[in-house]
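# Architecture at a glance
Given next are the chains, with one letter for each unit.
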Amino acid sequence: MTMGTRMEKEMERLRTENEEQAKELKILYDTKIKMDELIKQNQAPKVAFSASLLTFFGPQSVGPFHDDLHTLIYKHIFLNTGNAYDANTGIFTAPVRGVYVFRVFSKARGNSLKAVTAGLFKNDQHIISTHGHQEGGFISSSNGVSLLLEEGDKVKVNLYPGQWIFDNGEHHHSTFSGHLLFPM
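Residues numbered from 1 in each chain as written. Predicted model: local features only at pLDDT ≥ 70, side-chain atom pairs only at ≥ 80, totals over all residues. Heavy atoms only, no water.

Labelled according to an unreviewed UniProt entry, the protein appears under the name C1q domain-containing protein, originating from Phoxinus phoxinus. Its UniProt record gives the protein a comment under Subcellular location (unreviewed entry), which states: "Secreted". (UniProt positions renumbered as here; feature names shortened; annotations may be inferred.)

Right, dumping it as structure tokens:
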């Protein structure tokens, strides 16, 4: 075998080895990108809250308020991971852009003149409502929604004028809950 032939064979072997290494490098690079994304997701803030209206034992109705919408302040905090819910104002403020899930449960005493109608609002815009009305006994209503929120968006529950809502500090019938499903 001549020196030229040996060099050609060696160059072909090196070219093949280089192609195989390039494929392995591409696999490693793709794996690193996936790992970086998983690390980023794992570092996303943990955001979840759940609260009921009353902090003390005993039944109590809130409302009716006749002038305008009334923001409900859910004071009994079951969970407030990330501290995005403010128990002084009743307002949840999104700490990051992402998809959030909210649930509202409302209970009221039956009354021919009053109902329980509470609405979930995003930045003062109505999104969903709970509503129930009957003559006597108790009535419950619930609703939930997933929303894309921007950082700083505000979510709250308003009681409609002339309506009322009931809670009991022992049984916690009327609640407002939410959590970050995933950041965007």
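After that view of the structure, there is still more to cover.
## Description of the overall build of the protein
On a plain count of helices and strands, the protein comes out with one helix and 13 strands. Mapped in sequence order, the helices and strands of the protein form the string α-β-β-β-β-β-β-β-β-β-β-β-β-β. Computed over the C-alpha atoms, the radius of gyration of the protein is 28 Å, more than 25% above the 16 Å expected from 2.2 N^0.38 for a compact globule of 184 residues. Burial statistics for the protein: of 184 residues in total, 35% are counted as buried. Long-range pairs, those at least 24 residues apart, make up 75% of the contacts in the protein with a sequence separation of at least 6. For the protein, the accessible area works out to roughly 11,000 Å², and carbon and sulfur atoms hold 55% of it. Within the protein, one finds 19 positive and 20 negative side-chain charges whose respective centroids are separated by 2 Å. (Helix = DSSP H or I, 4+ residues; strand = E, 2+ residues; numbered from the N terminus. Rg over C-alpha atoms; globule rule 2.2 N^0.38 Å. Buried < 20%, exposed > 50% of the residue type's maximum accessible area, 1.4 Å probe, protein only. Contact = heavy atoms within 4.5 Å. Areas by Shrake-Rupley, 256 points an atom, 1.4 Å probe, with all protein chains shown as cover. Lys, Arg positive; Asp, Glu negative; His and termini not counted. Charge placed at Lys NZ, Arg CZ, Asp CG, Glu CD.)

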